[in-house]
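Below, each chain spelled out in residue letters.
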Amino acid sequence: MKKTISSWDERSLQAVWHPCTQMKFHEGFAPVVIKEARGVKLFDEAGNSYIDAISSWWVNLFGHQNERIKQAVIEQLNQVEHVMLAGFSHKPVIELSERLSAKTNYQLGHAFYASDGASATEIALKMSVHYWRNKGFPHKHQFLALKNSYHGETMGALGVTDIDLFKQAYQDLIHIAPLLPVPYSHEAHEIEQCLAVAQTYLEEHHQQLSSMIVEPLVQAAAGMLFYPKQYLAGLSQLAKAYQVHLIVDEIAMGFGRTGSFFAYQQSTAQPDFICLSKGITGGFLPLSAVLTTEEVYQEFYSHDIAHGFLHSHSYTGNPLACRAALEVLNIFDEERVLQTNQSRLELLNQLVLPLVHHPRVNSWRQLGMIWVFSIDTQNPSFARECYQLGLRHHILIRPIGNQLYFMPPYTITDEEFIELVTGTLCVLNGVSG
Ligand SMILES: *Cc1c(COP(=O)(O)O)cnc(C)c1O
């Protein structure tokens, strides 16, 4: 029998199956139905506002309803909303590909598109294997990943992801890649040790290895774990020496989050592939891309269709999404976003000090527009309770385990940042230990 359902939030618990969510946990705590979003703030049906401290899962770079991106999408909407990218092309995808290539100093000059991050991972993995096959090395089809990695949740991407919760139920379906240790300190001997393990593994297995995939500098989904750029550079050197591709997954860290346009650019690493998504459209539309080198591209160029790269999605290179992404690049260039963010860090790092000094905070770290606070807690539901309490204090935070982080839109004002810190202090004072 059809129940009579009253409010929108209750209705959201019926027909909508929410991602990354145990639906039962919503008994007595319904999802927040957002009616409007502007700048860094979300407004619900009841008129409450929330500071989006995590950029809506790390996608929103310049605030909600950013006027420039909005106008660009509207303009595109009046021209071509979509056309397939096989046999057809359009200005936004051409310009975007050229501009992305320029952002890599033309080292990765060929762009292949999809609509989400996991698909970008799949594309890079498949392209790498197919490259080696075309080159006459069909045995090079295995992957190598890092401990605590996250590259998405489709079956291929799960194979190079090291988060048990996401993987366990499906382990019989996936090819699980071996994992290399990661140095989480800047101690030279720890970095050396980890590189030595990598070298030993590559020495023994390079004939079967197609590629190594890494998140550059920050392993986001595992809890914003930072590792030194020397490790990334060292892995890149080893990959080159042993003829294994380096795939750099910039899905979370690309587009300025760590302070450089791409995170790998803070090291001397030379990727063969980079994966992009999340911030690429400023959080407006789903889009992802894999950029690769001339060397890889040429290995597919042939009279034989089976020698070409075999992968497609219906919405590959959607014009609206590409136009949004182009405007994101325009904003970066015209509004000098990297420089502006850098110039604000001294003040923002001052503004977080009340949190740094909170008795529940064990340690903290910051890189670019990411702040992470490691919290002293025995409470297994700490993250969920923080999230719920945060809403009452008008902030959207979503700690990962005991790692409480801010990854706000770059447009957050100093006043909003203070509101965020104040709200978080209230949460830490209120959440059970
Ligand atoms: C989010 C993320 C992905 C997956 O992207 P989806 O769009 O969620 O599929 C892959 N890699 C990294 C590093 C991510 O943060």
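Residues numbered from 1 in each chain as written. Predicted model: local features only at pLDDT ≥ 70, side-chain atom pairs only at ≥ 80, totals over all residues. Heavy atoms only, no water.

So, the domain arrangement of the protein
Here the protein is partitioned into domain 1 (69-334) and domain 2 (336-379 + 387-398). Its C-alpha centre places domain 1 at a distance of 28 Å from the equivalent point of domain 2. Each partner contributes to the interface: domain 1 provides 18 residues, whereas domain 2 provides 10 residues. Interface of domain 1 and domain 2: buried area, both sides summed, is about 1,100 Å²; carbon and sulfur atoms make up 67% of it. Considering only the surface of domain 1 that becomes buried against domain 2, Phe-226, Arg-257 and Phe-332 emerge as the three largest contributors, covering 47% of it. In this structure, the connection of domain 1 to domain 2 is made through zero salt bridges. Run the count over domain 1 and domain 2 and you get five residue pairs in polar contact (both at pLDDT 80 or more). If you list the elements that add at least two residues to the side of domain 1 that touches domain 2, you get strand S9 (225-226) and helix H11 (319-334). With four residues, the single largest contributor to the side of domain 1 that touches domain 2 is H11. Classifying every residue of the side of domain 1 that touches domain 2 gives nine nonpolar, six polar and three charged. (Domains from an automatic or database assignment. Contact = heavy atoms within 4.5 Å. Buried area = accessible area lost by both parts, 1.4 Å probe. Salt bridge = Lys/Arg side-chain N within 4 Å of Asp/Glu carboxyl O. Polar contact = N/O pair within 3.5 Å; in protein donor to acceptor, adjacent residues only side chain to side chain. Helix = DSSP H or I, 4+ residues; strand = E, 2+ residues; numbered from the N terminus. Nonpolar A, V, L, I, M, F, W, Y, C, P; charged D, E, K, R; others polar.)

Topic: the site of the ligand
Around the ligand lies a shell formed by Trp-58, Asp-116, Gly-117, Ala-118, Tyr-150, His-151, Gly-152, Glu-215, Asp-249, Ile-251, Ala-252 and Lys-278. Separating an oxygen atom of the ligand from a backbone N or O atom of Ala-118 is a distance of 2.8 Å. Here a nitrogen atom of the ligand and a side-chain polar atom of Asp-249 are 2.6 Å apart. When the ligand sits alone it has 380 Å² of accessible area, and the protein chains cover 83% of it. Along the lines of polarity and charge, the residues of the shell around the ligand split into five nonpolar, three polar and four charged. (Near = heavy atom within 4 Å. Areas by Shrake-Rupley, 256 points an atom, 1.4 Å probe, with all protein chains shown as cover.)

Points about the sheet that holds strand S1 (residues 34-38)
The four strands are arranged S1-S2-S3-S15 in an open sheet whose pairing can be described as mixed. Whereas interior strands pair on both sides, the edge strands pair on one side only; in this sheet they are S1 and strand S15 (395-396). Here strand S3 (residues 49-52) runs beside S15; their pairing, made up of two bridges, is parallel. Directly across from Ile-51, in S15, lies its bridge partner Ile-395. (Pairing = 2+ DSSP bridges.)

Some thoughts on the packing of aromatic side chains
What the rule picks out here adds up to 21 aromatic pairs. For the pair Tyr-150 and Phe-166, a centre-to-centre distance of 5.9 Å together with 75° between the ring planes defines the contact as edge-to-face. Of this pair, Tyr-150 sits in the loop between strand S5 (142-146) and helix H6 (155-159) while Phe-166 is found in helix H7 (residues 164-167), placing the two residues 16 residues apart along the sequence. Taking the relative accessible area as the measure of exposure, Phe-166 reaches 19% and is therefore buried. An aromatic cluster is built from Phe-62, Phe-255, Phe-261, Phe-262, Tyr-264, Phe-332 and Tyr-410, whose rings are joined through pairwise contacts. The ring of Phe-226 is capped by Arg-365, whose NZ or CZ atom sits 5.3 Å from the centre of that ring. Of note, Arg-384 hangs over the ring of Phe-25, and the distance from its end group to the ring centre comes to 3.8 Å. (Phe/Tyr/Trp six-rings, centres within 6.5 Å; stacked < 30°, edge-to-face > 60°. Buried < 20%, exposed > 50% of the residue type's maximum accessible area, 1.4 Å probe, protein only. Lys NZ or Arg CZ within 6 Å of the ring centre and 35° of its normal.)

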